[in-house]
Amino acid sequence: MLNDDMKQLIIFAAPSGSGKSSLISKIIEQSDNKVQLSVSATTRPARKGEMNGKDYFFISNEEFVNLQKENAFIESAEVHGYMYGTLKSYVNEKINEGVQVILDIDVQGFNQIRNSLQNYVSIFIIPPSFEELKERLFTRGLDSREVIENRLINAKKELEYASSFDYVVLNDDFNEAFEQISSIIFGRKVIDNKHANLNKLQDLLD
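Keep in mind that this is a model prediction, so the values were computed, not measured.

**Examining the packing of helix H5 (residues 130–140) against helix H6 (residues 145–159)**
Part 1: Between H5 and H6, the shortest axis-to-axis distance is 11 Å and the interhelical angle comes to 145°. For the pair H5 and H6, the crossing hand works out as right-handed. For the pair H5 and H6, the contacting residues are Phe 130, Leu 133, Lys 134, Leu 137, Phe 138 and Arg 140 in the first and Arg 145, Ile 148, Glu 149, Arg 151, Leu 152, Ala 155, Lys 156 and Leu 159 in the second.
Part 2: Taken together, the residues of the contact of H5 with H6 break down into eight nonpolar, no polar and six charged.

**With respect to the sheet that holds strand S9 (residues 167–170)**
Part 1: If you walk across this open sheet you meet the five strands as S2-S7-S1-S8-S9, and the pairing is parallel. Because the sheet does not close on itself, it has two edges, and the strands there are strand S2 (35–37) and S9. When the angles between neighbouring strand axes are averaged without regard to direction, this sheet yields 25°.
Part 2: Note that strand S1 (residues 9–13) and strand S8 (residues 120–126) share five bridges and pair parallel. Within S8, the residue paired with Phe 12 across the bridge is Ile 123.

**Overview of the pattern of salt bridges**
Part 1: Tallied over the full model, the rule gives three salt bridges.
Part 2: Among the ionic pairs, Arg 44 bridges to Glu 50, the shortest N-O distance being 3.1 Å.
Part 3: With a relative accessible area of 22%, Glu 50 lands in the partly exposed category.
Part 4: Glu 97 is paired through a salt bridge with Lys 94; the nearest N and O atoms lie 3.9 Å apart.
Part 5: By relative accessible area, Glu 97 is classed as partly exposed at 49%.

**Side note on helix H1 (residues 20–29)**
Part 1: Regarding H1, the residues found buried are Lys 20, Leu 23, Ile 24 and Ile 27. All buried residues of H1 lie within an arc of 100° about the axis, which places them on one face of the element.
Part 2: The inward-facing, buried residues of H1 abut S1, S2, strand S7 (100–104), S8 and helix H7 (174–185).

**Remarks on the packing of aromatic side chains**
Part 1: Evaluated as defined, the whole model comprises seven aromatic pairs.
Part 2: Look at Phe 57 and Tyr 90: their rings are 5.9 Å apart centre to centre, the planes differ by 70°, and that puts the pair in the edge-to-face class. Residue Phe 57 is found in strand S4 (residues 57–58), and its partner Tyr 90 is found in helix H3 (residues 88–96); the two are separated by 33 residues along the sequence.
Part 3: The class for Phe 57 is partly exposed, based on a relative accessible area of 23%.
Part 4: Classification of Tyr 90 by relative accessible area gives buried; the value is 16%.
Part 5: On the basis of an interplanar angle of 25° and a centroid distance of 4.6 Å, the ring pair of Phe 64 and Phe 73 is categorised as stacked. Residues Phe 64 and Phe 73 agree in their burial class; the two are buried.
Part 6: Over the aromatic face of Phe 178 sits the side chain of Lys 26, whose NZ or CZ is 4.5 Å from the ring centroid.

**A short note on the nonpolar core**
The nonpolar side chains of a soluble globular protein tend to be buried with one another.
Part 1: By size, the foremost hydrophobic cluster in this structure holds 20 residues, and its most contacted members are Ile 11, Leu 103 and Phe 124.
Part 2: Setting aside chain neighbours within four positions, we find Leu 103 in contact with Leu 9, Ile 10, Ile 11, Phe 12, Ser 38, Thr 86, Val 91 and Ile 113.
Part 3: In this structure, Leu 23, Ile 24, Ile 102 and Ile 125 belong to the second largest nonpolar core, which totals 19 residues.

**What about the pairing of S8?**
Part 1: Most of S8 is tucked away, with seven of its seven residues classed as buried.
Part 2: Residues of S8 alternate between two faces, with Tyr 120, Ser 122, Phe 124 and Ile 126 on one and Val 121, Ile 123 and Ile 125 on the opposite face, all of them buried.
Part 3: Across four bridges, the pairing between S8 and S9 is parallel. What sits directly across from Ile 123, in S9, is Tyr 167.

Rules and cut-offs
- In every chain, residue numbers begin from 1 and rise along the written sequence.
- Where local features are concerned, this predicted model is filtered to residues with pLDDT of at least 70; where side-chain atom pairs are given and counted, the filter is 80 or more; whole-chain, interface and lining totals use all residues.
- Computation of side-chain values covers all heavy atoms of the structure but excludes hydrogens and water.
- The convention used is that axes are lines fitted to C-alpha atoms, helices contributing only their stretch in contact, and that angles between N-to-C directions extend from 0 to 180 degrees.
- Here a strand is any run of E in DSSP of at least two residues, a helix any run of H or I of at least four, and the numbering for each starts at the N terminus.
- Left-handed is the label given to a crossing in which the near helix is rotated counterclockwise from the far helix by less than a right angle, and right-handed is the label when the rotation is clockwise.
- Whether two residues are in contact is decided by their heavy atoms: any pair within 4.5 Å suffices.
- We call Asp, Glu, Lys and Arg charged. Ala, Val, Leu, Ile, Met, Phe, Trp, Tyr, Cys and Pro are nonpolar, and the rest, Gly among them, are polar.
- By this definition, two strands are paired if DSSP reports at least two bridges between them.
- What makes a salt bridge here is a side-chain nitrogen of Lys or Arg within 4 Å of a carboxyl oxygen of Asp or Glu, nothing more.
- Burial classes follow relative accessibility: with a 1.4 Å probe on protein chains only, a residue under 20% of its type's maximum area counts as buried, one over 50% as exposed, and anything between as partly exposed.
- Each direction from the helix axis to a C-beta atom contributes to the arc, which is the arc of those directions.
- Pairing of aromatic side chains here covers Phe, Tyr and the six-membered ring of Trp, requires ring centres within 6.5 Å, and sorts the geometry by plane angle: under 30 degrees stacked, over 60 edge-to-face, intermediate tilted.
- By definition here, charges over rings are those cases where NZ of Lys or CZ of Arg is within 6 Å of the ring centre and within 35 degrees of the ring normal.
- Nonpolar cores are built from buried Ala, Val, Leu, Ile, Met, Phe, Trp, Tyr and Cys residues. Side-chain atoms within 4.5 Å join them into one set.

Take a look at the structure:
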């Protein structure tokens, strides 16, 4: 049962390979459909198995620019050479249905939101080590070596923003990370490890 006092927007950010998507998927499974992932618009080509309107709204660069001009996005950002944006119309529709909406976004998008919105809770996921992050990216086999190297460069930049989030969660043990995140979202007593995890984060950045 969700806590009625919980905020309507739940913002997640993390470097690629931190396990964020798996944690979000399990949260949604446990929510009785009361928590859903926002579907973003993107100029990135669809990967094998991805469906338009389910995984992303896949649109052209021209369409994206036109939506930006119409102020149709809560936030938008360029990530790894492609544009991503959260559509106001989609999020408003879900909130009006009584759904808590997860935004899986880049730190650029988060910076836009924190300057314009108040009713949200933000969670940043960090990996146990930079070597582990690199291993995860290569193991999942989704990207070329060049793309992975670019993601690792961006990861360093993204990690520097972690302290700006309400919660910093270490994904070393998946079940422990899930329990901490679910306590935040479902209104249980939260064990806040932000300070300790920021110390861990400093090791990642050194």
